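Working through the structure, step by step
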Amino acid sequence: MTVFHFFNCAILTFGPHAVYYSATPLSEYDTLGTSVKAALVYLGTALVKLVCLATFLKVSENDSFDPYQELLKALIGFIDVAGLYFALTQLTHRNISQNHKFQAVGLGWAFADSVLHRLAPLWVGARGLEFTWDYILQGLEANANLVLSISLAALGSLMWLRKNKPKTLIPIIYACAGIVATMPSITSYLRRGLGWHFPEVVGFELFTSLVMAFTSWQLFAACQRPSS
Amino acid sequence: MAIPTNESVYSAMALLFILVTCVELCDAVAVVDVYRLIQYDIAGVPFGSRLASLNHHAGSSLFTPGADLSRTVVMIPVTELNITFIRALDQDFDACGNGIAEYIEQKQPLGGLIFLLPRMFSPENKDVKYGGDEDPGKELMKNILVELERFLLYANIPYPVYFAFEDDNINAVLADVKRNDVTGQPATATTGGYKLVVSAPEPRKLASPTITNIQGWLPGLKTDGDSTQLPTIAVVASYDTFGAAPALSVGSDSNGSGVVVLLEIARLFSLLYSNPKTRGRYNLLFGLTSGGPYNYNGTHKWLRSFDQRLRESIDYAICLNSVGSLDKDLWIHVSKPPENAYIKQIFEGFSNVAEELGLKVGLKHKKINISNPRVAWEHEQFSRLRVTAATLSELSVAPELLESTGGLFDNRHFVNEAAITRTVKLVAESLARHIYGHQGKNFKIFADDSSYAVNPSYITSWLDLLSRTPRVAPFLSKNDPIITALKKELAEHTVEVSLQNEMLDGMFTFYDSTRGRLNIYQSGQQLLCALYTVGAAGDEVNLLLIDNGVLAKRGKGVIVASVTFDLLLLLVLGSYLIILFSFLVITTRGLDDLISLFRRPHSRKVKST
């Protein structure tokens, strides 16, 4: 099993990022620098988040779902949004279009997230003797996360970078962004509060990520139309 | 676009197959108790199995020509061994290396070794009782085990060696493995087979093993004004064991039988001594000593702890050692010459009673060599301190170090209650005649119908308990249940019961991790077979039905997937990434771009030509 299986899981976890980069025009415009910067911002954000979590959160003894704690966690989760805002607006990029910018940022963001959260467990666990589906599911989760990150970045760029968007769409954009940003809390609730198993949670994530991707794509296209 | 989609559908189907077969594999996983070969050092020289953790594929034969066994665990049923097989003659030309002993001695690489002991040796198996007249197979098995054990104890084996009991699971696995081996396909990661896993930490040295002696008194009757100390008779048995597998070393005969005899004698005499009229003019001292296999180290310590006057008051000591076999004569071993008056008295007392019981008791004299550290009999520790002592045993010659100390074969099935009852009668009657001064008279205190009759159920229950309890001293804690039980039992019948904890000295170092759990995983091959068969049948509807049925069972158990599975997974992932790539290119740049992506090198070639 072992190393081969590890490679399989690694391909599933990190392959889509590479494919996304090379298949879309991102590679043609050489936006790697943007992605790397976004990844660095993600690292910083993760550090800040970690400090906040350690400061404000009690370590729960049991694995139950505590609404207050989860609310706090969700609030801390919005630090992510702040980090994304910084990456999208404050970082000076080479002159790339907004279209590519959000994709590059989302990609870098998701890739850094995957590396930080999934590489170590993969390395430790997937090479073990026992076969579990966990690591394959985790890889699928990484895919869902990539889609969600890019959706969030797209929505973010709509919110902060695009000035002349239709007024009617603004609440929808904000609502969608809110949903995507609270995704970690929602899955956490499903897992602990409702006792869903990992495969079900991953299935849910995949489904929502596709729905959100479609929605944000439509929103983006709708905002594009009047300006173009 | 259509072709990759099709491919992915097939891949998904394949994945489904695998899911189904994997789920069915969960049920094949078996867990078996295994007992590790002892690991110990004598004066820093390593002996026994030096590793504990095991994780290799199963094999059935050591002698597959040209096979590399360094990553194989060989399972050998002890029933398939015979002594010549273990010890192939060196001169024998064509027997080149067909003995396990030779294989081990030559330090051939091996992943591990598991000896399968017959089911009758299992501690759970109680229904087979001692059959009096032996069936020859049992005797043969005993010889094989003695031979095997003697070899393993003095071998330094750099891989894990375990003992397990045959049962239906193991036998099924073994049959499978054998079938596999016959086809000549060695089990490797790619072909699957069975994987045997014992996860155990690195064995650690036991820090300063302790030994615990237990003693109890039955004080004799002192007449008023008699200031001199009463003489003492000591009855002693060592209760601990030593064997190739410490967790299996129950020593029913050596020396569980001696312990049972001692307890029963204590019970009988406590009945006599509870009545002032029948209370003798002798003190009785009962000693359960530890450290027996290590030159009676515990007895040595115990005697040293006595003060001089007590030691001098001991009239004589009877040590009991291995007295549970019906078909063997008993021997009285002494270290003073038989002409010695005391020895003569003891021997005559015993042989008179033995004659009445229809037994034969012989006298064996073995001189003590003070310069030799080996103490073969327990009474020699007494003799070294000039206390008259004798050992009653069915062994006619002095055992070597770590021999006859309760090895693998020494279990309940080789011990007979009747023999123990007989010995109890012999010893108790001889003692009684000595105490009450009835030497040479035919006088029975412990007759079967009297109130002082020997109690067979008491003997059986204690024998059963001891035969279930491994008692290798370094692995017993100071207040181990069996020590507490012995102390409590002795306290029932005697007074001033005390425990004496001592360090085991000498050159022995022991290592822990004496038992483990063997996980048997089934890997790869079945999966492949299942795939082929289902693929050939091509019955997808059926498959989906199976899938629905089995999915409910998912999530438990442990599966070892094979390389085949990983290859298929790789295929699935590859096609997924290709589809993803095509999809992204088409949506972001258009279909023409995708086509040109593939065409470009081709067109360049055309240009160059």
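Calculation criteria
- Residues numbered from 1 in each chain as written.
- Chains lettered and ligands numbered in written order.
- Predicted model: local features only at pLDDT ≥ 70, side-chain atom pairs only at ≥ 80, totals over all residues.
- Heavy atoms only, no water.
- Helix = DSSP H or I, 4+ residues; strand = E, 2+ residues; numbered from the N terminus.
- Buried < 20%, exposed > 50% of the residue type's maximum accessible area, 1.4 Å probe, protein only.
- Contact = heavy atoms within 4.5 Å.
- Areas by Shrake-Rupley, 256 points an atom, 1.4 Å probe, with all protein chains shown as cover.
- UniProt positions renumbered as here; feature names shortened; annotations may be inferred.
- Axes fitted to C-alpha atoms, helices over the stretch in contact; angles between N-to-C directions.
- Parallel < 35°, antiparallel > 145°, perpendicular 65-115°, else oblique.
- Left-handed = near helix turned anticlockwise from the far one by under 90°.
- Nonpolar A, V, L, I, M, F, W, Y, C, P; charged D, E, K, R; others polar.
- Polar contact = N/O pair within 3.5 Å; in protein donor to acceptor, adjacent residues only side chain to side chain.
- Phe/Tyr/Trp six-rings, centres within 6.5 Å; stacked < 30°, edge-to-face > 60°.
- Expected span 1.5 Å × (residues − 1).
- Bend = angle between axes of the 7 residues up to and from the residue.
- Salt bridge = Lys/Arg side-chain N within 4 Å of Asp/Glu carboxyl O.
- Pairing = 2+ DSSP bridges.

Attention now goes to the overall build of chain B. Of regular secondary structure, chain B possesses 17 helices and 19 strands. Expressed as a percentage of its 609 residues, the buried residues of chain B come to 54%. Partitioning the contacts of chain B with sequence separation of at least 6, the portion at a separation of at least 24 is 83%.

Bringing the overall build of chain A into the picture now. Each helix and strand in chain A was counted, giving 8 helices and 0 strands. Starting at the N terminus and ending at the C terminus, chain A contains elements arranged as α-α-α-α-α-α-α-α. Within chain A, the fraction of its 228 residues that count as buried is 51%. Residue pairs in contact within chain A that sit at least 24 positions apart in sequence constitute 80% of those at least 6 positions apart. Just so you have it, chain A exposes about 11,200 Å², and 68% of that area is on carbon and sulfur atoms.

Another point: the UniProt feature "transmembrane region" (unreviewed entry) in chain B. According to UniProt, the "transmembrane region" (unreviewed entry) feature falls on residues 567–591 of chain B. This span, residues 567–591 of chain B, is 96% helix and 0% strand, and a straight line between its end C-alpha atoms measures 30 Å.

All right, on to the packing of helix α3 (residues 67–90) of chain A against helix α7 (residues 183–193) of chain A then. Residue and element names in this part refer to chain A. Remark: α3 packs on α7, axes separated minimally by 10 Å, with the N-to-C direction vectors making an angle of 155°. In this view, α3 runs roughly antiparallel relative to α7, as classed from their interaxial angle. Judged by the sense of rotation from one axis to the other, the crossing of α3 with α7 is right-handed. Between α3, through Glu70, Lys73 and Ala74, and α7, the contact on the second element is made entirely by Ser185, Ser188 and Arg192. The residue inventory of the contact of α3 with α7, partitioned by class, reads 1 nonpolar, 2 polar and 3 charged.

Now for the environment of Gly362 of chain B. All names here are of chain B. Looking at the element boundaries, Gly362 is found in strand β15 (residues 361–365). With a relative accessible area of 16%, Gly362 lands in the buried category. Sequence spacing of Gly362 and Phe350 is 12 residues, and the spatial spacing of their C-alpha atoms is 9.6 Å. For Gly362, the residues in contact, after removing those within four places along its chain, are Leu330, Trp331, Ile332 and Phe347.

Let us look at the side chain of Thr212 of chain B. All names here are of chain B. Relative to the elements of secondary structure, Thr212 occurs in strand β10 (residues 210–218). Of the residues examined, Thr212 reaches a relative accessible area of 2% and is grouped as buried. One polar contact links Thr212 to Asn501, side chain to side chain, over a distance of 2.9 Å. Residues contacting Thr212, with those up to four places away along its chain left out, are Tyr239, Leu288, Ser290, Lys478, Ile483, Leu499, Gln500 and Asn501.

Attention shifts here to the UniProt feature "transmembrane region" (unreviewed entry) in chain A. All names here are of chain A. As recorded in UniProt, the sites labelled "transmembrane region" (unreviewed entry) are residues 39–59, 71–88, 168–190 and 202–223. Secondary structure over residues 71–88 splits into 100% helix and 0% strand, and the C-alpha atoms at its two ends are 26 Å apart. Along residues 202–223 the backbone is 100% helical and 0% strand, and the end-to-end C-alpha distance reaches 31 Å.

Here we take up the packing of aromatic side chains. According to the stated counting rule, one finds 25 aromatic pairs over all chains in the structure shown. Here Phe214 of chain A and Trp217 of chain A contribute two aromatic rings whose centre-to-centre distance is 6.4 Å and whose plane-to-plane angle is 75°, an arrangement assigned as edge-to-face. In this pair, Phe214 of chain A and Trp217 of chain A are both assigned in helix α8 (residues 198–227), 3 residues apart and thus about one turn of the helix distant. When the ring of Tyr40 of chain B is compared with that of Phe242 of chain B, the centres are 5.6 Å apart and the planes differ by 80°; the resulting orientation is edge-to-face. With Tyr40 of chain B in strand β2 (residues 39–42) and Phe242 of chain B in the loop between β11 (232–238) and α6 (252–274), the pair connects residues that are 202 residues apart, well separated along the chain. Aromatic rings pair up to connect Tyr40, Phe47, Tyr154, Phe242, Tyr294, Phe475, Phe508 and Phe510 of chain B into one cluster.

Let us now look at helix α1 (residues 3–23) of chain A. Residues and elements named next belong to chain A. Taking 1.5 Å as the rise per residue, α1 with 21 residues should run 30 Å; its terminal C-alpha atoms sit 28 Å apart, in good agreement. A bend of about 45° at Phe14 is the largest found in α1, and the proline Pro16 appears one to four places after it. With 15 of 21 residues buried, α1 is to be regarded as a mostly interior element.

Another point: the packing of α1 of chain A against helix α5 (residues 134–160) of chain A. Residues and elements named next belong to chain A. Relative orientation of the contacting elements α1 and α5 amounts to 10°, with a least axis distance of 9 Å. As far as their axial angle goes, α5 and α1 are roughly parallel. When α1 is examined against α5, the residues His5, Cys9, Leu12, Thr13, Pro16, His17 and Tyr20 are found in contact with a partner set consisting of Tyr135, Ile136, Gly139, Leu140, Ala142, Asn143, Leu146 and Ile150.

Of all residues except glycine, most have a negative phi; of all peptide bonds, most are trans. Residues and elements named next belong to chain B. The omega torsion of the bond from Ser254 to Asn255 falls at 0°, within 30 degrees of zero and hence cis. Considering the arrangement of structural elements, one finds Asn255 in helix α6. The phi angle at Asn295 is positive, at roughly 55°, despite the residue not being glycine. Looking at the element boundaries, Asn295 is found in the loop between β12 (283–289) and α7 (297–305). At Arg386, a residue that is not glycine, the phi angle is positive and equals roughly 60°. By secondary structure assignment, the location of Arg386 is in the loop between α10 (378–384) and β16 (389–393).

All right, on to the pattern of salt bridges then. Following the criterion strictly, the structure yields 17 salt bridges over all chains and no others. Several salt bridges share partner residues, and in doing so they unite Asp113, Arg118, Glu141 and Arg191 of chain A into one network.

We now examine the sheet that holds strand β13 (residues 314–321) of chain B. Residue and element names in this part refer to chain B. In spatial order, the strands read β15-β14-β16-β13-β11-β12-β10-β17; together these 8 strands make up an open sheet with mixed pairing. Each edge of the open sheet carries a strand with a single partner, namely β15 and β17 (495–503). Averaged over neighbouring strand pairs, the angle between their axes works out to 20° when direction is ignored. One ladder, built from 5 bridges, connects β10 with β12; its direction is antiparallel. For Trp217, the partnering residue across the bridge sits in β12 and is Leu285. Sheet strands in contact with α7 are β10, β11, β12 and β17, and its direction is about 120° off that of β17. The sheet contacts of helix α13 (residues 481–493) involve β10, β12 and β17, and relative to β10 the element is tilted by about 10°.

So, about α7 of chain A. Met183, Ser185, Thr187, Ser188 and Leu190 of chain A are the residues of α7 of chain A that are buried. Looking one or two places after α7 of chain A, you find Gly195 of chain A, whose phi comes out positive at around 70°.

Attention shifts here to the pairing of strand β5 (residues 72–77) of chain B. Residue and element names in this part refer to chain B. Here β5 lies mainly inside the structure; 6 of its 6 residues are buried. Residues Thr72, Val74 and Ile76 of β5 are buried on one face, and the alternating residues Val73, Met75 and Pro77, pointing to the opposite face, are buried as well. Relative to β5, strand β4 (residues 54–59) is paired through 3 bridges, and the arrangement is parallel. Each residue of the ladder has a partner; that of Gly59, found in β5, is Val74. Where β5 lies against strand β6 (residues 112–117), 5 bridges are found, and the strand directions are parallel. Following the sheet pairing, Ile76 is matched in β6 by Phe115.

This paragraph deals with the sheet that holds strand β18 (residues 508–510) of chain B. Remark on secondary structure: sheet strands pair via backbone hydrogen bonds, oriented parallel or antiparallel. Residue and element names in this part refer to chain B. Read from one edge of the open sheet, 4 strands run β7-β3-β2-β18, paired in mixed fashion. In this open sheet, the two strands that pair with only one neighbour each are β7 (156–157) and β18. Judged from the 3 bridges that link them, β2 and β18 form a sheet pairing that is antiparallel. Residue pairing across strands places Asp41 opposite Thr509, the latter belonging to β18.

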